Amino acid sequence: MPELRAAAQPLFPDLVDLRRRLHRFPERGNHLPETRRIVLEALEGLPLDIVLHDTTSGIVAVLEGEQSGPVTLLRADMDALPVTEETGLEFSSRHDGFMHACGHDLHTAMLVGAARLLSSMRSDVAGTVLFMFQPGEEGFAGARFMLEEGLLDTVEDRPSGAFAIHVNTWTRTGMVLHRKGPQLASDDEVRVTIRGKGGHASAPYLSYDPIPVAAEIVLATQTAITRRINVFDPGVITFATVAAGTTHNVIPETALLVGTMRAVSDSTRSQLHSLINRVVPNIAAAHGVEADVEINMGYPVTVNDPDHTAWVDTVARDTLGDDRVVWMDSPIMGAEDWGYVLQEVPGTMSFLGACPPELEPGRAAGLHSNRAVFDEEAMITGTALHAAVALSHGQRNR
């Protein structure tokens, strides 16, 4: 369906305007009143049934095709990050301390574009398309809340295929990347509290210093991963917060380590939990102190259904050309709450290149950077690909 990209082209000016409005007024978390208002305004006048979620600012827009067919779920995330923008863009964030640094403003505009494009060709749509506009992807599990509120039961039949796009700056604009199986990692938070005995820094033998214990735990977990985790089924433990002490001559009573654990399989995820629960208390005991481990379960592994992804790959090549679609060799250790949806519905997430042409892919500021900028031209490709997946899924599963 190469004609879909041409059909999406006239929508570009409106999508740019929408994206920039969203960018100026970023909101974080599961409750995004201004963002929801802007999106609903952008959907006005289309032949859509709008379902507003109550537990979050989630929106499900329903398009009934004029032909019989299955239900297709398309998703965009709408929330921003607690980042102070330093891009210098004329449409920079007006909400201090918040920024669309992960491209969710583009995701939302692309899905609105797909809703407009598919609405204009409703006679060609087989089945029903659910446009899922979700909040809270950045650590607030918005997709899970939408599932719990009945996302998959919005219409009589449940979706039989799901699709999402995430932009990036490590590839040229318009390039599409995906893989079968795990595409993104699980993400669990680990908190380690070491309890010793404080005292004067000049006489450590009279205290039980938690700081060397914390340092040994950090190093030991890295060594344990290389010895206990299969390198072909990777896991990551990174302690990104180390907190202890108040001044130069006092040994503190406690030390705190906070980090993330990532895996691309449930088995390695479980191994990481066992590893941290084994290493921490035993190192602490060797030093005569105590240590508690708290694991806060985060997002699951994002697993692309192999059959669905092979089919999406064919659709993408037909729509964009073989030179625009690439198979990924390995997963990425970032995490996504899209994984919750893919536990329920066979589906795929594809990455979409949006590196500004004047910048070098891979050297441009990346996702979550306060200097991240994206090429808005990517929205034409994303709009067309969303539409192509919905149209093809309807015909494929009739």
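The coordinates are above.
Position numbers for residues start from 1 in each chain and track the written sequence from start to end. Selection of residues for local features in this predicted model requires a pLDDT of at least 70, selection of side-chain atom pairs for listing and counting requires 80 or more, and totals for whole chains, interfaces and linings are taken over all residues. Hydrogens and water molecules were not included; the side-chain quantities draw on all heavy atoms of the structure.

Participant: How would you summarise the overall build of the protein chain if you had to cite specific residues and measurements?
Facilitator: Runs of E in the DSSP output that reach at least two residues are strands. Runs of H or I that reach at least four are helices, and both are numbered from the N terminus. The number of helices and strands found in the protein chain is 10 helices and 16 strands. Across its three principal directions, the C-alpha atoms of the protein chain cover 80 × 45 × 40 Å. The buried share of the protein chain, taken over its 398 residues, is 54%. In the protein chain, the share of contacts with a sequence separation of at least 24, taken over all contacts with a separation of at least 6, comes to 81%. For the protein chain, the accessible surface area stands at approximately 16500 Å², while carbon and sulfur atoms represent 49% of it. Here the protein chain contributes 31 positively and 52 negatively charged side chains, and the mean placements of these two sets differ by 4 Å. Exposed residues in this analysis have more than 50% of their type's maximum accessible area, buried residues have under 20%, and partly exposed residues fall in between, with area computed by a 1.4 Å probe over protein chains only. Here a residue-residue contact requires only that any non-hydrogen atoms of the pair lie within 4.5 Å. Using a 1.4 Å probe, accessible areas were evaluated by the Shrake-Rupley method; residue-level cover was limited to the displayed protein chains. Charged residues are defined here as Lys and Arg on the positive side and Asp and Glu on the negative side; His and the ends of the chain fall outside this count. Charge positions are represented by NZ for Lys, CZ for Arg, CG for Asp and CD for Glu.

Participant: Give me the lowdown on the pairing of strand E16 (residues 347–355), citing residues and values where you can.
Facilitator: Burial of E16 is extensive: nine of the nine residues sit out of reach of the surface. Where burial is concerned, the two faces of E16 agree: the one with Gly347, Met349, Phe351, Gly353 and Cys355 and the one with Thr348, Ser350, Leu352 and Ala354 are both buried. In the sheet, strand E5 (residues 161–172) pairs with E16 via eight bridges, with the strands oriented parallel. The residue bridging isoleucine 165 from the neighbouring strand is serine 350, located in E16. Only strands that DSSP links by at least two bridges are regarded as paired with each other. Looking at chain direction, strand E6 (residues 176–178) and E16 are connected through two bridges and run antiparallel. Paired with leucine 177 across the bridge in E16 is phenylalanine 351.

Participant: Break down the sheet that holds strand E2 (residues 59–64) for me, citing the residues and quoting the values.
Facilitator: If you trace the eight strands from one edge of the open sheet to the other, you get E1-E2-E4-E3-E5-E16-E6-E15, paired in mixed fashion. Both edges of this open sheet fall to strand E1 (49–52) and strand E15 (325–327), since each of them pairs with a single strand only. Each strand axis lies, on average, 25 degrees off the axis of its neighbour in the sheet, ignoring direction. Bridging between E2 and strand E4 (residues 126–134) involves six bridges; their strand directions are antiparallel. The residue bridging isoleucine 59 from the neighbouring strand is phenylalanine 133, located in E4. Angular values range over 0 to 180 degrees, each being the angle between N-to-C directions of two axes fitted as lines to C-alpha atoms, with helices fitted over their stretch in contact.

Participant: With reference to specific residues and values, describe the sheet that holds strand E12 (residues 254–263).
Facilitator: Spatial strand order, E10-E12-E8-E13: four strands in an open sheet with antiparallel pairing. Each of the sheet's edge strands pairs with one partner strand only, and the pair in question is strand E10 (235–244) and strand E13 (290–299). Between one strand axis and the next, the sheet turns by 20 degrees as a mean value, whatever way the strands run. In terms of strand pairing, E10 meets E12 through nine bridges, oriented antiparallel. In the strand pairing of E12, phenylalanine 239 is matched with glycine 259.

Participant: Lay out the state of the cysteines with the relevant residues and their values.
Facilitator: In protein chemistry, a disulfide is the covalent bond that joins the sulfur atoms of two cysteines. We call a pair of cysteine sulfur atoms a disulfide whenever their separation is within 2.5 Å. Evaluated as defined, the whole model comprises zero disulfides. The thiol of cysteine 102 is unpaired, and the distance to the nearest cysteine sulfur, on cysteine 355, comes to 15 Å.

Participant: Please set out the nonpolar core residue by residue, giving values where relevant.
Facilitator: For the purposes of this section, nonpolar cores are sets of buried Ala, Val, Leu, Ile, Met, Phe, Trp, Tyr and Cys residues that join through side-chain atoms within 4.5 Å. With 64 residues, the main nonpolar core has Leu4, Leu74, Leu118, Phe131 and Phe133 as its most contacted residues. At 10 residues, helix H10 (residues 378–396) tops the list of elements feeding residues into this core. Other than its neighbours up to four places away in sequence, leucine 74 contacts Leu111, Leu118, Val129, Leu130, Phe131, Met132, Phe163, His386, Val389 and Ala390. Residues Ala143, Leu184, Leu342 and Val345 belong to the second largest nonpolar core, which totals 26 residues.

Participant: Any chance you could break down the side chain of glutamate 138 for me, citing the residues and the numbers?
Facilitator: Its location among the elements puts glutamate 138 in the loop between E4 and helix H5 (142–148). Criterion for a salt bridge: a side-chain nitrogen of Lys or Arg within 4 Å of a carboxyl oxygen of Asp or Glu. At 7.9 Å, arginine 28 is the nearest oppositely charged side chain to glutamate 138, a buried residue that forms no salt bridge. A distance of 3.4 Å separates the side chain of glutamate 138 from the side chain of histidine 104, its partner in a polar contact. Every residue in contact with glutamate 138, bar those within four places of it in the chain, is listed here: Asp79, Ala80, Leu81, Cys102, His104, Tyr299 and His368. Think of a polar contact as two N or O atoms within 3.5 Å of one another; within protein, one of them needs to be a possible hydrogen donor and the other a possible acceptor, and neighboring residues in sequence only count if both atoms come from side chains.

Participant: Kindly report on the packing of helix H3 (residues 33–43) against helix H4 (residues 104–120), identifying the contributing residues and their values.
Facilitator: Between H3 and H4, the least distance of the axes is 10 Å, while the angle of their chain directions is 20 degrees. Relative to H4, the element H3 lies roughly parallel. For H3 against H4, the interelement crossing comes out right-handed. Along the contact surface, H3 presents Val39, Ala42 and Leu43, while H4 presents Thr108, Val112, Ala115 and Arg116. Classifying every residue of the contact of H3 with H4 by side-chain character gives five nonpolar, one polar and one charged. Angular relationships are summarised with four words: roughly parallel below 35 degrees, roughly antiparallel beyond 145, roughly perpendicular across 65 to 115, and oblique for the angles in between. Crossings are sorted by hand: turned counterclockwise from the far helix by less than a right angle, the near helix makes the crossing left-handed, and turned clockwise it makes it right-handed. Basically, the charged four are Asp, Glu, Lys and Arg, the nonpolar ten are Ala, Val, Leu, Ile, Met, Phe, Trp, Tyr, Cys and Pro, and anything else, Gly included, counts as polar.

Participant: For the environment of alanine 126, give the residues involved together with the corresponding values.
Facilitator: Note that alanine 126 resides in strand E4. For the pair alanine 126 and arginine 19, spaced 107 residues apart in the sequence, the C-alpha separation amounts to 29 Å.

Participant: Run through the packing of aromatic side chains, naming residues and quoting values.
Facilitator: Only centres within 6.5 Å qualify two rings of Phe, Tyr or Trp (six-membered ring in Trp) as a pair; their planes then separate them into stacked at under 30 degrees, edge-to-face at over 60, and tilted for everything else. Under the defined criterion, the tally for this structure stands at two aromatic pairs. Taking the centre distance of 5.7 Å and the plane angle of 75 degrees together, the rings of tyrosine 299 and tyrosine 340 count as edge-to-face. Of this pair, tyrosine 299 sits in strand E13 while tyrosine 340 sits in helix H9 (residues 338–342), and the two are 41 residues apart along the sequence. Accessibility expressed as a relative area gives 13% for tyrosine 340, which makes it buried. Between arginine 144 and the ring centre of phenylalanine 145, over which it is positioned, the NZ or CZ distance is 4.9 Å. For a lysine, the NZ atom is tested; for an arginine, the CZ atom; a charge sits over a ring if that atom is within 6 Å of the ring centre and within 35 degrees of the ring normal.

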